Amino acid sequence: MGDLGNSTVDFHPKKPGMDKGDHEGDFGVTVEELSSLMELRGPEALQKIQENYTDTETLCHRLKTSPADGLSDNPADLEKRRQVFGMNFIPPKKPKTFLQLVWEALQDVTLIILEIAAIISLGLSFYQPPGGDSEACGNVSSGAEDEGEAEAGWIEGAAILLSVLCVVLVTAFNDWSKEKQFRGLQSRIEQEQRFAVVRNGTVIQIPVAEIVVGDIAQIKYGDLLPADGVLIQGNDLKIDESSLTGESDHVRKSIAKDPMLLSGTHVMEGSGKMVVTAVGVNSQTGIIFTLLGAGEMEEEKKDCKKGKQDGTLENNQNKAKKQDEAVAMEMQPLKSAEGGEVEEKEKKKASVPKKEKSVLQGKLTKLAVQIGKAGLVMSAITVIILMLYFVIETFVIQGMTWLTECTPIYVQYFVKFFIIGVTVLVVAVPEGLPLAVTISLAYSVKKMMKDNNLVRHLDACETMGNATAICSDKTGTLTTNRMTVVQIYIGDQLFREIPRPDQINPKIVELITSAIAVNCAYTSKIMAADKEGGLPKQVGNKTECALLGLVLDLKQEYQAVREQIPEEKLYKVYTFNSVRKSMSTVIQMPDGSFRLYSKGASEILLKKCSFVLGRDGEARAFRPRDKDEMVKKVIEPMACNGLRTICIAYRELPADPMPDWDNETDIVSNLICITVVGIEDPVRAEVPEAIRKCQRAGITVRMVTGDNINTARFFLLCVSCIQVS
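Here is what the cut-offs are and how they apply
Residues numbered from 1 in each chain as written. Predicted model: local features only at pLDDT ≥ 70, side-chain atom pairs only at ≥ 80, totals over all residues. Heavy atoms only, no water. Helix = DSSP H or I, 4+ residues; strand = E, 2+ residues; numbered from the N terminus. Buried < 20%, exposed > 50% of the residue type's maximum accessible area, 1.4 Å probe, protein only. Contact = heavy atoms within 4.5 Å. Pairing = 2+ DSSP bridges. Core = buried A, V, L, I, M, F, W, Y, C linked by side-chain atoms within 4.5 Å. Phe/Tyr/Trp six-rings, centres within 6.5 Å; stacked < 30°, edge-to-face > 60°. Lys NZ or Arg CZ within 6 Å of the ring centre and 35° of its normal. Salt bridge = Lys/Arg side-chain N within 4 Å of Asp/Glu carboxyl O. Disulfide = S-S within 2.5 Å. Polar contact = N/O pair within 3.5 Å; in protein donor to acceptor, adjacent residues only side chain to side chain. UniProt positions renumbered as here; feature names shortened; annotations may be inferred. pLDDT = per-residue confidence, 0-100. Patch = residues over 30% accessible without salt bridge, like charges linked within 9 Å, V, L, I, M, F, W, Y side chains within 5 Å. Areas by Shrake-Rupley, 256 points an atom, 1.4 Å probe, with all protein chains shown as cover. Expected span 1.5 Å × (residues − 1). Arc of directions from axis to C-beta.

(A) Layout of the overall build of the chain. A count of helical and extended segments in the chain gives 28 helices and 21 strands. Looking at the 725 residues of the chain, the share that counts as buried comes to 42%. The contacts in the chain between residues at least 6 apart in sequence include a share of 70% that link residues at least 24 apart.

Here's what the structure looks like:
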């Protein structure tokens, strides 16, 4: 990555007003300094930060931003940052022109065979057979056509070319129009894609394109980082950098060991905040896209600049010789990336993967080749039979001899036989087959458009038509993804509806409020409905939103707890992942001791509970038989009603001796169970009929879910018979 990073100077030449002096005067840091910083990892990056900025807080100060309050909403300041550090936008790859799509469509094997046959047919249609026979050369009937047939001989070749033209134009126009629609859709998606940043001390969602250097971005599990940055606060953060490095192992990020975060990488675990240091073409993703040719405008500028330099070198050898070292210093990374241009271009051309054919295209190509071979054999047999007939009739039966003056006439007869053979070959090739297939696929595309399915290429319809199995996620795909708590087991009581606060011990209410408020991502929240009378809006993780909704139903305020314990004061966070199936958060109490809150899948977390809160709010022993009884009487009935069961628990930890926070197994054990809740996620209304249609079409529908097996079985009864994995 170091070599890639060094190339940024060459691909992004300095613009007026972007020199080092201007940057230092305005922000105290330059684009080049930030780029060189983002090339480093681990201890090297920490050392660079300490040498140049002392710490991340000083870096934020130089970028004129606040780690706590972020940037202001001053339009002049934001515009100035875009001018100095660039916009968070990577120029897209130039789309293929209509003529390029026409050329691609012409590469089909069937069409190539038709083109060759049409050209030969047209060429030979203008050939005139011998007008008459000399008595000395014999009089042989060769199946000569009448005058009208000879004049209309060109129609066969022209008709084939017309059918090829129709196929090519329909295919190219469809690809061109769908490409245009996809780019418009992609542009709209990019405009709608938002990311959480802190501005004026408030967390707001802004379009990714509006992120600027100096923004304080909030990152959480599942995010795709839109820019490069330096971590300033993190909780058990793990990043998937495989898109940049190819390494599948998740990289742990922390302020003390490796705070460098790169655009295009995924947050796999944890949460945190970062100060944005590079955007757009100056970010690591932007540099790679530019090197791969996505930023073609930048490449053209570079080529023009290089051309001018080459012209100067040719016209003034002496001056070039003096400047050689300076030019070499500036262009060295480019030369290393582009050394041996001719060879590299040839290698690129050779390594360009061919467009993969669909199943139908492969079958049609195979059929066309087989028909072509059969037609070639039949035409060869026809030509041989005609020639043998001519030779036997003329030289055996009539007893003629080969005369030198008759040679041109004999040759003309042989050419006529060859034309007949070509005619057989042309007739054998099915010129209407590609056109019929193309028109039918184009009709399918149009029909799918009415179902709000935008198909980019014609062959995608045919590929989808071959589907025999569909694997679908449950949450959010088959369900509405609007979760609510509908049942709760708390204080030795199972409530089929959410209880009133006075029905629960106040101590338990306080504990459950704190446990949910602190141990849910702070980006998850319940907001007022967009329309009067509508349902409250759930923002963030839907399961966590269901738990926050429970707090509101109990007439409590989770936001007040979060204000008392801001995210920065969380002592330790064990974030949710597919292995843990739980999330735990540690806070420090006023007396110096610690409290751990944990939530997760009930069957997992109950195994770690040694105590349970009774009706009086006091903990009592939670024996194995008590756990079995809770599973049978609480968890299984909830799961059989299609509810997702979540257990919430806590534990007190002493300050002395200090717990070993890296030993998660010991930390998240001996828990005190507070409650078990049942969360409902309703089935989408259109799902049952859609599944029945798939089954009638012979398609097997499978549901892939991590829920309790009883929850999955109940869901199957709701939506019809589908297989569960």
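Picking up after the structure, the text goes on.
(B) The pairing of strand β15 (residues 594-601), seen in detail. For β15, a buried count of eight out of eight residues is recorded, marking the element as mostly surrounded by other parts of the structure. Across seven bridges, the pairing between strand β14 (residues 582-588) and β15 is antiparallel. In the sheet register, Val 586 faces β15, and the bridge partner there is Leu 596. Taking the residues that link successive antiparallel strands as the turn, the β14-β15 hairpin has five residues, and the phi of Gly 592 there is positive, at about 95°. As defined by bridge partners, β15 adjoins strand β18 (residues 644-653) across eight bridges and the pair is classed as antiparallel. By the bridge assignment for β18, Phe 594 is matched with Leu 653.

(C) Just the nonpolar core, in detail. Of all hydrophobic cores here, the largest spans 41 residues; its most connected members are Leu 59, Leu 63, Phe 85, Ile 219, Val 230, Leu 261 and Val 275. Ranked by the residues each element gives to this core, the list is headed by strand β4 (residues 228-240), at five residues. Excluding residues within four positions of it along the chain, Leu 261 makes contact with Met 38, Ile 219, Leu 225, Ala 227, Asp 228, Gly 229, Leu 231, Leu 237, Ile 239, Lys 253 and Met 274. Formed by 40 residues, the second largest nonpolar core is a distinct cluster that contains Ile 490, Cys 545, Ile 565 and Tyr 597.

(D) Local environment of the packing of aromatic side chains. This structure, assessed with the given rule, holds seven aromatic pairs. Measuring from centroid to centroid gives 6.1 Å for Phe 173 and Trp 176, while their planes differ by 35°, and the two rings are tilted. Here Phe 173 and its partner Trp 176 are both found in helix α11 (residues 154-192), three residues apart, which amounts to about one turn of the helix. Given the relative accessible area of 49%, Phe 173 is considered partly exposed. Each ring, one from Phe 390 and one from Phe 414, has its centre 5.7 Å from the other, and the planes form 80°; the classification is edge-to-face. Taken together, the residues Phe 390 in helix α17 (residues 359-397) and Phe 414 in helix α18 (residues 407-428) connect sequence positions 24 residues apart. Note on Phe 390: relative accessible area 1%, which makes it buried. By relative accessible area, Phe 414 is classed as partly exposed at 22%. Pairwise contacts between aromatic rings join Phe 390, Phe 414 and Phe 417 into one cluster. Here the basic side chain of Arg 562 rests over the ring of Tyr 522, its NZ or CZ set 4.8 Å away from the ring centre.

(E) Here's a closer look at the pattern of salt bridges. Here the structure, examined in full by the defined rule, presents 19 salt bridges. Lys 253 is the salt-bridge partner of Glu 241, the closest N and O atoms lying 2.9 Å from each other. Highlighted residues: Glu 241 in the loop between β4 and α12 (242-245) and Lys 253 in strand β5 (residues 251-253), separated in sequence by 12 residues. Each member of the pair, Glu 241 together with Lys 253, is buried. Put simply, Lys 253 and Asp 258 hold a salt bridge, and the shortest N to O gap is 3.0 Å. Asp 258 gets classed as buried once you look at its relative accessible area, which sits at 10%.

(F) Local environment of the side chain of Thr 277. Here Thr 277 shows up in strand β7 (residues 266-278). Excluding residues within four positions of it along the chain, Thr 277 makes contact with Leu 34, Met 38, Leu 59, Val 213, Asp 228, Gly 229 and Val 230.

(G) Main features of the pairing of strand β20 (residues 700-704). Across the two faces of β20 the burial differs, with Val 701 and Met 703 buried and Thr 700, Arg 702 and Val 704 not buried at all. The pairing of strand β8 (residues 469-473) with β20 spans five bridges and is classified as parallel. The partner of Cys 471 across the bridge, within β20, is Arg 702.

(H) Here's a closer look at the state of the cysteines. A complete count under the given rule lists zero disulfides for this structure. Summary of cysteine pairing: Cys 545 is not part of a disulfide, and the nearest cysteine sulfur, belonging to Cys 520, is at 8.4 Å.

(I) Representation of helix α7 (residues 75-85) in the model. Buried residues of α7: Asp 77, Leu 78, Arg 81, Arg 82, Val 84 and Phe 85, and no others. Looking at where α7 begins, the residue whose side-chain oxygen comes 3.2 Å from the main-chain nitrogen of Ala 76 is Asn 74. One or two steps after α7, the chain reaches Gly 86, where phi turns positive at roughly 95°.

(J) Broad picture of the environment of Leu 71. In this fold, Leu 71 is placed in the loop between α6 (56-62) and α7. The sequence separation of Leu 71 and Val 212 amounts to 141 residues, and the corresponding C-alpha distance is 9.5 Å. Beyond its immediate stretch of four places on either side in the chain, Leu 71 contacts Lys 64, Thr 65, Asp 77, Leu 78, Arg 81, Val 198, Arg 199, Asn 200, Val 212, Val 213, Gly 214 and Asp 215.

(K) Representation of the UniProt feature "transmembrane region" (unreviewed entry) in the chain in the model. The residues that UniProt annotates with the feature "transmembrane region" (unreviewed entry) are residues 376-397 and 417-443. This span, residues 376-397, is 100% helix and 0% strand, and a straight line between its end C-alpha atoms measures 30 Å.

(L) Molecular detail of the confidence of the model for the chain. For the chain, the mean per-residue pLDDT works out to 77, and 80% of the residues sit at or above 70. Within the model, pLDDT remains below 50 along residues 1-25, and this stretch shows 46 contacts once partners closer than five positions in the same chain are excluded. Counted against residues more than four places away or in other chains, residues 294-299, with its pLDDT under 50, gives 14 contacts.

(M) Structural context of a nonpolar patch on the surface. Nonpolar side chains collect at one region of the surface, where Ile 384, Leu 388, Ile 392, Val 396 and Ile 397 lie side by side and expose about 500 Å² of accessible area between them. Looking at where Ile 384 falls in the secondary structure, it is placed in helix α17. Under the relative-accessibility criterion, Ile 384 is labelled partly exposed at 48%.

(N) Fine view of the environment of Phe 414. Taking the C-alpha atoms as reference points, Phe 414 and Ile 384, 30 residues apart in sequence, are found 10.0 Å from one another. Those residues within four positions of Phe 414 in sequence are excluded, and the remaining contacts are Met 387, Phe 390 and Trp 402.

(O) Fine view of helix α5 (residues 42-53). In a regular helix each residue adds 1.5 Å, so 12 residues correspond to 16 Å; α5 covers 16 Å between its end C-alpha atoms and thus fits that length. Here α5 has its buried residues at Gly 42, Ala 45, Leu 46, Ile 49 and Tyr 53. Viewed along the axis of α5, the buried residues span an arc of 100°, placing them on a single side of the element. Facing away from the buried side of α5 by more than 90 degrees, the exposed set consists of Pro 43, Glu 44, Gln 50 and Glu 51. Looking at the buried positions of α5, the neighbouring elements they touch are α4 (31-38), α6, β4 and β6 (260-261). Directly beyond the C-terminal end of α5, a positive phi value near 75° is found at Thr 54.

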